[in-house]
Amino acid sequence: MRLDTLHTAETPEGIALSLRPAGIVARGLAYLIDFAIRLCIFFGLAMLFGALGKLGGAVLLISYFCLEWLYPVVFELTRAAATPGKRAMGLRVVMDSGLPVTPAAAFTRNLLRAADFMPSFYFAGLVSMLWRCDSKRLGDLAAGTLVVFSDQVNLHGDVPAAEPQAPARPLSAQEQLAVVSWAGRATRLTPERFDELARIAEPVLAPGAIGAGASQRLLEVAQWVLGRRAVAEAREGRKQ
Amino acid sequence: MTPLDFEAAYAPIWAELEQVIGVAESKRKFDGARLATLYRRVCEHLALAQARAYPIHLTQRLEALTQNAHRLVYRRHDYGMARFARLALVDFPEAVRAHRAFLWAAALMFLLPLVAAGWAAYRDPGFILHLLDAGDVQQFDAMYGDGAEALGRKREADDDWEMFGYYVMHNIGIGFRCFAAGIFAGVGSAAVLVFNGIQIGAVGGYLVAAGHAGNFLSFVVTHSAFELTAIVLAGAAGLRLGYAWLAPGRHTRLEALRLAARHAVVIVYGVVGLLLVAAAVEAFWSSARWVPPAVKYGVGGACWLMVLAYLGWQGRPRAGTSAMKERHAG
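Residues numbered from 1 in each chain as written. Chains lettered and ligands numbered in written order. Predicted model: local features only at pLDDT ≥ 70, side-chain atom pairs only at ≥ 80, totals over all residues. Heavy atoms only, no water.

Student: Let's hear about the overall build of chain A: which residues, and what values?
Tutor: In terms of helices and strands, chain A carries 12 helices and 4 strands. Against the 2.2 N^0.38 benchmark of 18 Å for 240 residues, chain A shows a C-alpha radius of gyration of 27 Å, more extended than a compact globule. In terms of principal-axis extent, the alpha carbons of chain A reach across some 90 × 35 × 35 Å. Classification of the 240 residues of chain A by burial places 43% in the buried group. Within chain A, residue pairs in contact and separated by at least 24 positions form 63% of the contacts whose partners lie at least 6 positions apart. Averaging the positions of the 25 positive and the 21 negative side-chain charges in chain A gives two centres separated by 6 Å. (Helix = DSSP H or I, 4+ residues; strand = E, 2+ residues; numbered from the N terminus. Rg over C-alpha atoms; globule rule 2.2 N^0.38 Å. Buried < 20%, exposed > 50% of the residue type's maximum accessible area, 1.4 Å probe, protein only. Contact = heavy atoms within 4.5 Å. Lys, Arg positive; Asp, Glu negative; His and termini not counted. Charge placed at Lys NZ, Arg CZ, Asp CG, Glu CD.)

Here it is in structure tokens:
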């Protein structure tokens with residue numbers, strides 16, 4: 001079963017972009033922030049134009065319309081591709097293909113908020129977002145858009161320093177990746193858990209220094225996988 | 001090549017791309033050609049890094065770089081007036097004609113209830129009380145009657161503006177909802193069409209029966225050309241969405257829905273335009289009591305003809321040019 005919600009989109013250059021769809025909480029909070037902003041703008045305008053009588057009334061009604069329907073469209077077509085609320089939550093709107101959102105798609109997805117709203121309080125939209133693993137609401141489905149987190153998270157830090165040491169046997173690409181990923185999490189895991197994971201790799205570890213724990217030896221292998229070689233070995237390699 | 005060598009060899013390119021992206025995101029002017037070149041190089045590096053299972057921090061950095069560059073390289077540039085003009089002159093009327101079947105369906109769903117309710121209200125003025133409260137009905141009576149409270153009698157320029165704002169907010173909102181509700185298998189759009197048909201028909205029938213025919217018809221004849229067409233068009237666009245959901249054909253349901261939305265939204269652009277015109281006409285022209293009804297009928301008729309002709313013929317390729325195109329394509 002797939003646990004992550006990563007959405008991959010292939011580009012014309014043949015590389016896969018991984019997009020991370022935003023869930024209901026981040027999007028809900030973004031909506032609330034936007035709602036508060038719209039409310040503030042409307043009250044500000046009401047203070048300004050309320051005194052102007054009927055003409056002011058016309059301006060207010062039209063600005064209400066614009067805030068309701070055009071506010072998200074306009075902001076989603078800027079370079080940030082997000083309303084202020086979405087930007088505050090680190091979200092952006094993109095097409096399914098990873099491309100920037102087109103005007104037609106931005107318009108469609110925001111028009112269909114009326115459908116998402118039905119029967120009340122965005123019930124249809126909430127059901128759709130909970131149902132789908134990419135958290136699309138009806139408007140996103142019809143427009144082919146996706147709300148994604150704009151910033152990359154970095155789960156992996158630097159690999160701790162150690163004397164490079166070759167593994168007992170050649171490692172496959174996947175195994176190499178696993179070893180380096182493990183080493184990159186040195187600062188995020190407790191030492192006990194770090195060591196426990198290292199012991200799984202015991203079969204490929206060289207005997208190493210006496211008394212050195214599995215994690216120390218695996219760190220040495222990780223350095224080797226990264227391409228560091230012991231000084232003597234490197235000299236030998238150059239001679240060949 | 002070990003990951004370290006790889007990083008050492010190409011890090012300058014990555015750093016340069018990072019810098020170009022920074023410039024492109026903050027300023028208007030940037031070196032697009034350089035960005036594209038670097039982007040393609042880094043795409044290669046990312047593919048290599050993924051194929052060789054290089055450490056995750058490396059591939060992640062390249063992924064982030066390529067994603068940011070990708071977004072900039074494929075950014076849209078054409079928001080210009082030319083596109084807007086093309087939308088009004090060609091795309092919108094053409095989209096309307098392409099959805100002819102839905103248009104007829106929507107028109108029937110709107111007009112049949114309208115005529116039926118109108119007839120019922122004309123025959124039996126009590127019929128309207130099934131739909132509206134007595135208070136609303138009295139208000140209608142006052143509005144279209146000849147009394148001092150009547151529509152347009154005492155209205156000043158300011159009132160016109162307020163009504164314009166109200167029509168923009170209210171009517172375009174209804175148009176949008178009529179379209180959006182279509183996503184529920186078309187049921188929502190159909191309901192909006194039928195409901196509005198009954199409502200408008202009943203009020204019209206009642207007012208004609210009550211003897212306000214002249215006032216009422218001369219009031220509605222001009223803006224209805226834009227408003228009623230727009231409502232029917234919004235309904236047709238909504239039905240298109242619902243139909244894609246019900247009968248996706250050779251696409252998956254989602255694919256069909258997406259395609260339908262892409263075609264139907266062009267109609268909604270037009271609906272916005274028509275409703276804006278309708279709001280202006282309704283606020284500033286329809287309510288003007290100093291214009292004799294005969295003039296209003298004339299202008300209204302002309303508007304109806306204009307709208308229908310616009311939807312029917314505007315943007316059709318000339319017979320000669322279409323033949324030329326086919327020859328070129330062949």
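Student: An account of the interface of chain A and chain B is requested, with residue identities and associated values reported.
Tutor: Interface size, as often reported, equals the accessible area lost upon joining of the parts. The interface of chain A with chain B comprises 53 residues on the first partner and 54 residues on the second. The contact between chain A and chain B buries some 4,900 Å² in all, and 69% of this surface belongs to carbon and sulfur atoms. There are 2 salt bridges connecting chain A and chain B. A salt bridge links glutamate 13 of chain A to arginine 40 of chain B; the shortest N-O distance between them is 3.7 Å. Where the side of chain A that touches chain B is concerned, the elements lending two or more residues are strand E2 (16–19), helix H2 (54–69), helix H5 (103–111), helix H6 (113–117), helix H8 (138–143), helix H9 (173–184) and helix H11 (214–226) of chain A. With 9 residues, H2 of chain A is the single largest residue contributor to the side of chain A that touches chain B. (Buried area = accessible area lost by both parts, 1.4 Å probe. Salt bridge = Lys/Arg side-chain N within 4 Å of Asp/Glu carboxyl O.)

Student: Could you give me a rundown of the pattern of salt bridges, with the residues and numbers involved?
Tutor: As enumerated under the stated definition, the model contains 17 salt bridges over all chains in all. Ionic pairing is found between aspartate 96 of chain A and arginine 258 of chain B, a salt bridge with its closest N-O pair at 3.5 Å. Taken as a pair, aspartate 96 of chain A in the loop between strand E3 (91–95) and H5 and arginine 258 of chain B in helix H10 (residues 253–286) lie in two separate chains rather than in one. Of the residues examined, arginine 258 of chain B reaches a relative accessible area of 23% and is grouped as partly exposed. Within this structure, Arg27, Glu76, Lys86, Arg109 and Asp140 of chain A form a network of salt bridges that share partners.

Student: Mind laying out the confidence of the model for chain B, listing which residues take part and the relevant values?
Tutor: Residue and element names in this part refer to chain B. Residue-level pLDDT values for chain B average 85, and 92% of them are 70 or greater. Element-level mean pLDDT values for chain B span from 52 in helix H12 (residues 319–329) up to 93 in helix H5 (residues 100–123). What the predictor reports for the complex is a pTM of 0.80 with an ipTM of 0.81. (pLDDT = per-residue confidence, 0-100.)

Student: Hey, could you go over the pairing of strand E4 (residues 145–149) of chain A for me, with residue numbers and the actual values?
Tutor: Residues and elements named next belong to chain A. A large share of E4 lies buried, amounting to 4 of its 5 residues. Bridging between E3 and E4 involves 5 bridges; their strand directions are antiparallel. Opposite valine 93, over in E4, you have valine 147 as the bridge partner. (Pairing = 2+ DSSP bridges.)

Student: Let's hear about a nonpolar patch on the surface: which residues, and what values?
Tutor: On the surface, Trp119, Tyr122, Val208, Leu217 and Tyr297 of chain B cluster together into a nonpolar patch covering about 480 Å² of accessible area. Turning to its location among the elements, tryptophan 119 of chain B is positioned in helix H5. (Patch = residues over 30% accessible without salt bridge, like charges linked within 9 Å, V, L, I, M, F, W, Y side chains within 5 Å. Areas by Shrake-Rupley, 256 points an atom, 1.4 Å probe, with all protein chains shown as cover.)

Student: Outline the packing of H5 of chain A against H10 of chain B, supporting the account with residue identities and numerical values.
Tutor: Running from amino to carboxyl end, H5 of chain A crosses H10 of chain B at an angle of 80°, the nearest separation of the two axes being 10 Å. One element, H5 of chain A, and the other, H10 of chain B, form an angle in the roughly perpendicular class. Contact residues: Pro103, Ala104, Phe107, Thr108 and Leu111 of chain A in H5 of chain A; Ala261, Val265, Val268, Tyr269 and Val272 of chain B in H10 of chain B. (Axes fitted to C-alpha atoms, helices over the stretch in contact; angles between N-to-C directions. Parallel < 35°, antiparallel > 145°, perpendicular 65-115°, else oblique.)

Student: Break down the nonpolar core for me, with residues and values.
Tutor: Judged by nonpolar contacts, the single largest core of 74 residues is most densely connected at Phe107 of chain A together with Phe176, Ile183, Phe226, Leu233, Leu241 and Ile267 of chain B. At 17 residues, H10 of chain B tops the list of elements feeding residues into this core. Residues within four places of leucine 233 of chain B in sequence aside, it is in contact with Phe92, Val96, Leu103, Ile267, Val271, Leu274 and Leu311 of chain B. Core analysis: the next-biggest nonpolar cluster, separate from the first, contains 22 residues, Trp14, Val20, Leu46 and Leu72 of chain B among them. (Core = buried A, V, L, I, M, F, W, Y, C linked by side-chain atoms within 4.5 Å.)

Student: Mind laying out H5 of chain A, listing which residues take part and the relevant values?
Tutor: Along H5 of chain A, 7 of the 9 residues are buried, which leaves the element largely enclosed by surrounding structure. Taken together, the buried positions of H5 of chain A are occupied by Ala105, Ala106, Phe107, Thr108, Arg109, Asn110 and Leu111 of chain A.

Student: Break down the environment of valine 20 of chain B for me, with residues and values.
Tutor: Residue and element names in this part refer to chain B. Among the secondary structure elements, valine 20 is positioned in helix H1 (residues 3–26). Spatially, the C-alpha atom of valine 20 lies 7.6 Å from that of aspartate 31, the residues being 11 residues apart in sequence. Filtering out sequence-adjacent residues up to four positions away, valine 20 remains in contact with Asp31, Leu35 and Leu38.

Student: Pulling in residues and values, what's your account of the environment of serine 181 of chain A?
Tutor: Of note, serine 181 of chain A is situated in helix H9. Along the sequence, serine 181 of chain A and valine 221 of chain A sit 40 residues apart, while their C-alpha atoms lie 12 Å from each other. Apart from the residues within four sequence positions on either side, serine 181 of chain A is in contact with His156 of chain A together with Ile56 of chain B.

Student: Which residues make up the packing of aromatic side chains, and what are the values?
Tutor: Counted by the stated rule, this structure contains 21 aromatic pairs over all chains. An angle of 35° between the planes, with centres 5.0 Å apart, marks the rings of phenylalanine 107 of chain A and tyrosine 269 of chain B as tilted. Of this pair, phenylalanine 107 of chain A sits in helix H5 while tyrosine 269 of chain B is found in helix H10, placing the two residues in two different chains. Taking relative accessible area as the criterion, phenylalanine 107 of chain A reaches 9% and is therefore assigned buried. Residue classification places tyrosine 269 of chain B among the partly exposed positions, given a relative accessible area of 23%. Here the aromatic rings of tryptophan 161 of chain B and phenylalanine 284 of chain B are separated by 5.2 Å at their centres, their planes lie at 70°, and the arrangement is edge-to-face. (Phe/Tyr/Trp six-rings, centres within 6.5 Å; stacked < 30°, edge-to-face > 60°.)

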